[in-house]
Amino acid sequence: MALISLLPASALTLDQARELYKAGKYEEAAPVFKAQLKRRPNDGSLNHWYGVCLFYGKKYDEAEKYLKIGAKRKVLESPHFLGDLYMAQYQFDNAVSSYQDYVEALEKSKKQVPDSVTEAIARARKAKRMLQHVERVQIIDSLIVDADSFFEHFKMTPESGRIGTSETLGIAIPEGTVGYAPQRGDKVFFGMPTEDKGYELCTINKLTDGQWSRISPLPEGVNTDRNESYPFFLNDGVTLYFASNGEESIGGYDIFITRLNLENNTYLKPENVGMPFNSVYNDYMMAVDEMLNIGWFVSDREQIPGKVTIYLFIPNESKLTYNIDEIKTDIKSLALIRSIRDSWPEGADYTNLLQQLNDIKEAKTVTRPDFVFAICNGLHYTTLDQFSSAEGRNLFVKANETRKSIAHLESHVADLRHQYARAKGTTRQRLAAEIGSVESQLLSLYPQPEAYENQARKAELDALKKKH
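Residues numbered from 1 in each chain as written. Predicted model: local features only at pLDDT ≥ 70, side-chain atom pairs only at ≥ 80, totals over all residues. Heavy atoms only, no water.

**Some words on the sheet that holds strand 14 (residues 307-314)**
Moving on, step 1. In space, the 4 strands of this open sheet follow the order 1-14-13-12, with antiparallel pairing throughout. This sheet does not close on itself; its edge strands, each paired only once, are strand 1 (138-146) and strand 12 (283-289). Each strand axis lies, on average, 20° off the axis of its neighbour in the sheet, ignoring direction.
Moving on, step 2. When strand 13 (residues 294-299) meets strand 14, the two strands line up antiparallel, connected through 5 bridges. (Pairing = 2+ DSSP bridges. Helix = DSSP H or I, 4+ residues; strand = E, 2+ residues; numbered from the N terminus. Axes fitted to C-alpha atoms, helices over the stretch in contact; angles between N-to-C directions.)

**Description of the nonpolar core**
In globular proteins that are soluble, nonpolar side chains generally tend to be buried together.
Moving on, step 1. In terms of nonpolar packing, the biggest core is built from 56 residues, with Phe-150, Phe-154, Ile-163, Phe-232, Tyr-241 and Met-285 touching the most fellow members.
Moving on, step 2. Looking at which element gives the most residues to this core, the answer is strand 14, with 6 residues.
Moving on, step 3. When sequence neighbours within four positions are dropped, the list of residues in contact with Phe-154 reads Ile-163, Met-285, Ala-287, Trp-296, Val-298 and Ile-310.
Moving on, step 4. The next biggest cluster of nonpolar side chains, apart from the first, holds 54 residues, and it includes Ala-29, Tyr-50, Ile-121 and Ile-327. (Core = buried A, V, L, I, M, F, W, Y, C linked by side-chain atoms within 4.5 Å. Buried < 20%, exposed > 50% of the residue type's maximum accessible area, 1.4 Å probe, protein only. Contact = heavy atoms within 4.5 Å.)

**Things to note about the packing of aromatic side chains**
Moving on, step 1. Applying the stated rule across the entire model yields 31 aromatic pairs.
Moving on, step 2. For the pair Phe-297 and Tyr-311, a centre-to-centre distance of 5.2 Å together with 25° between the ring planes defines the contact as stacked. Note that Phe-297 is positioned in strand 13 and Tyr-311 in strand 14, a separation of 14 residues in sequence. Considered together, Phe-297 and Tyr-311 belong to a single accessibility category, that of buried residues.
Moving on, step 3. Here the aromatic cluster, defined as three or more aromatic residues joined through ring pairs, consists of Tyr-21, Tyr-26, Phe-33, Trp-49, Phe-55, Tyr-56, Tyr-60 and Phe-81.
Moving on, step 4. Its guanidinium or amino end placed over the ring of Tyr-446, Arg-214 lies 3.9 Å from that ring's centre, counting from NZ or CZ.
Moving on, step 5. Above the ring of Tyr-420, the side-chain terminus of Arg-428 is found at 4.0 Å from the ring centroid. (Phe/Tyr/Trp six-rings, centres within 6.5 Å; stacked < 30°, edge-to-face > 60°. Lys NZ or Arg CZ within 6 Å of the ring centre and 35° of its normal.)

**Points about unusual backbone geometry**
Moving on, step 1. Omega for the bond connecting Met-275 with Pro-276 falls within 30 degrees of zero, at 10°, which places this linkage in the cis form.
Moving on, step 2. Locating Pro-276 in the fold gives a position in the loop between strand 11 (271-272) and strand 12.
Moving on, step 3. Residues other than glycine seldom take positive phi values, yet Lys-74 does so here, at roughly 65°.
Moving on, step 4. You can see Lys-74 is positioned in the loop between helix 5 (60-72) and helix 6 (78-88).

**Overview of the environment of Glu-119**
Moving on, step 1. For Glu-119, the position within the fold is in helix 8 (residues 115-131).
Moving on, step 2. Relative accessible area serves as the criterion here: at 31%, Glu-119 is assigned to the partly exposed category.
Moving on, step 3. A C-alpha to C-alpha distance of 10.0 Å links Glu-119 and Ser-249, two positions 130 residues apart in sequence.
Moving on, step 4. A distance of 2.7 Å separates the side chain of Glu-119 from the side chain of Arg-226, its partner in a polar contact. (Polar contact = N/O pair within 3.5 Å; in protein donor to acceptor, adjacent residues only side chain to side chain.)

**Quick notes on the pairing of strand 4 (residues 187-193)**
Moving on, step 1. Judged from the 2 bridges that link them, strand 3 (residues 179-181) and strand 4 form a sheet pairing that is antiparallel. Within the sheet, the bridge partner assigned to Gly-179 lies in strand 4 and is Phe-190.
Moving on, step 2. Joining the antiparallel neighbours strand 3 and strand 4 is a turn of 5 residues, in which Gly-185 adopts a positive phi near 70°.
Moving on, step 3. As judged from the 7 bridges shared by strand 4 and strand 5 (residues 199-205), these two strands associate in the antiparallel manner. By the bridge assignment, Lys-187 is partnered in strand 5 with Asn-205.
Moving on, step 4. Where strand 4 folds back on strand 5, the antiparallel hairpin that results is connected by 5 residues, among which Gly-198 adopts a positive phi of roughly 70°.

**What to know about the sheet that holds strand 6 (residues 216-217)**
Moving on, step 1. Taken together, the 5 strands give an open sheet; going across it, the order is 2-3-4-5-6, and neighbouring strands pair in antiparallel fashion. Strand pairing shows two members of the sheet lacking a second neighbour, strand 2 (162-164) and strand 6, which therefore form its edges.

Printed below as a string of structure tokens:
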């Protein structure tokens, strides 16, 4: 294959071009298909192959012509690629029609319809509905950066926390994941790879003795059997932005918002934040600096592989959408953010705001509170003296004491396992029994801190209601 790639296009045979095509080297194969089409313009396969090459080169208008001929000549995969092409162009009705043509072609060929095609039809229909309600939001700046280090360009005030990897945050989270640490530094949230469910949103918490807890998935309501990652919390500690490629996504990753219900420690049903934040591409890592009232998010829409665009925007207090009948700009262009200036009101000037961003210095070391315990929306305790309820205070202390016991036992069982690996005979049997006993204790202890905290929260809320 390497030798074929070195040959000039004029020296390649059709078979060699097909090998390049199968290897995903579309740019190298395209000239051969184009030359062959001059001699056989009605050949369905040649039109399909050349159309696919143009599609991957993002020459959508040219690709459409050739893929249509491929579909007319009954090339099985042509309608599928036409559907993908129309999705990229935000022609969602045409996308649905092409995907349905592909389903019919598969059924006539007595081939199974993949779930991915059914999902593609559902995504196209969702995207069509979403396009009718594009949010009127001011996109004030954009920056094209390397995808694997985008977080280095999120320059937020210290009060908004930090986004980064294990290395940049200085906290042990899985390698290759991007996490969010609130200002107090007592928690880290991140998407963690699992063996059977893709990525799921997890957290680790700093205990009162300075140690870190075990990694735990977030409470019920956010994680699915797909991928959830790139979390960010607002300062209220309950409003969560994250990215998911699950059922409600219209592309790869979409950005969602949800809120933690402190009464039962579960999350409300996540909502897709819609366009222009989301697209048929990958959109993720929405963060809001509430001190400056500036938002950030990342997208690989219409970018070359390995690059992403970071968009800066001004968050709306409530969602405002464009009236399609009143705007002069194409709604598709606004949804795709093809020109950030099209989102600006007349006379807009963001110079001072952007300068404030540039003036942000690295976060200084701050004194950390003993703990942060959320009682309800906007109310967080950082000292035991803030509790009105003695019962609530005692339950909270019990939760932390249990966490210390868990940390001690986890350290002890790790030491026992180390001894077990080197032991023999009856010593090995004794250690196995002791390890089993400690693991049983841990299994019974793991749910208790959260249960005690929920009881403490309820007791405190009841006490506050009586006071008022």
